[in-house]
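Residues per chain, in single letters:
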Amino acid sequence: GPYAGHNFTVPAGRPLQVRGLLGIGLRDSDHLVALERGESCGSPHGATALGGEGLSIPSSVHDGSEFSWPGEALAVGGVYALCWCRKKESLTDCRHPEDFLVPVGSIFLQGPLLE
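What you are looking at is a predicted structure, and each value in this text was computed from that prediction instead of being measured. (Residues numbered from 1 in each chain as written. Predicted model: local features only at pLDDT ≥ 70, side-chain atom pairs only at ≥ 80, totals over all residues. Heavy atoms only, no water.)

Enquirer: Could you give an account of the sheet that holds strand β6 (residues 102-110), with specific residues and numbers?
Expert: Ordered in space as β1-β6-β5-β3, the four strands form an open sheet in which the pairing is mixed. Looking at the sheet topology across the chains shown, the edges are occupied by β1 (6-11) and β3 (31-34). The mean angle between the axes of side-by-side strands here comes to 30°, regardless of whether they run parallel or antiparallel. (Pairing = 2+ DSSP bridges. Helix = DSSP H or I, 4+ residues; strand = E, 2+ residues; numbered from the N terminus. Axes fitted to C-alpha atoms, helices over the stretch in contact; angles between N-to-C directions.)

What follows is the structure in structure tokens.
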């Protein structure tokens, strides 16, 4: 799984992307979720304004180090928790924010207040 303590800085108003996730045994098809500010891994409150209900598109690189979200990040600037999940048959399909229990770190969304 991923190492904890990653900090990514991304601009608001563009598609959300993170690169450089480090860990052991990461794979393509792993997933990330960005959670609403103040939430922790396992929370059902995905940051929907960051795109994709807060859920990333599965990593498409073989080493599971890059992720993107559909749409544009139109959320309020600030820090959002980032959590990881791997699909496991009969356990989780990584389709809901509460399926993401492994802390990765945070995303700092740079931008103005977009409310």
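Enquirer: Residue-level account of a nonpolar patch on the surface, with values.
Expert: A contiguous nonpolar surface patch, about 330 Å² in accessible area, is contributed by Y3, L22 and I24. For I24, the position within the fold is in the loop between β2 (17-19) and β3. (Patch = residues over 30% accessible without salt bridge, like charges linked within 9 Å, V, L, I, M, F, W, Y side chains within 5 Å. Areas by Shrake-Rupley, 256 points an atom, 1.4 Å probe, with all protein chains shown as cover. Salt bridge = Lys/Arg side-chain N within 4 Å of Asp/Glu carboxyl O.)

Enquirer: Any chance you could break down the state of the cysteines for me, citing the residues and the numbers?
Expert: Overall, the coordinates contain two disulfides when judged by the stated rule. Note that C41 is cross-linked by a disulfide to C83, the S-S spacing being 2.0 Å. Measuring handedness by torsion sign, the sulfur bridge of C41 and C83 sits at about -95° and is left-handed. Of this pair, C41 sits in the loop between β3 and β4 (66-68) while C83 sits in strand β5 (residues 78-85), and the two are 42 residues apart along the sequence. Overall, C41 belongs to the partly exposed group, its relative accessible area being 25%. Taking relative accessible area as the criterion, C83 reaches 0% and is therefore assigned buried. Here the protein pairs its bonded cysteines, counted in sequence order, in the arrangement 1-2, 3-4. (Disulfide = S-S within 2.5 Å. Buried < 20%, exposed > 50% of the residue type's maximum accessible area, 1.4 Å probe, protein only.)

Enquirer: So what's going on with the pairing of β6? Which residues, and what values?
Expert: Bridge analysis of β1 against β6 gives six bridges, and the strand direction is parallel. Following the sheet pairing, T9 is matched in β6 by F108. The pairing of β5 with β6 spans seven bridges and is classified as antiparallel. Looking across to β6, one finds that V79 is bridged to F108.

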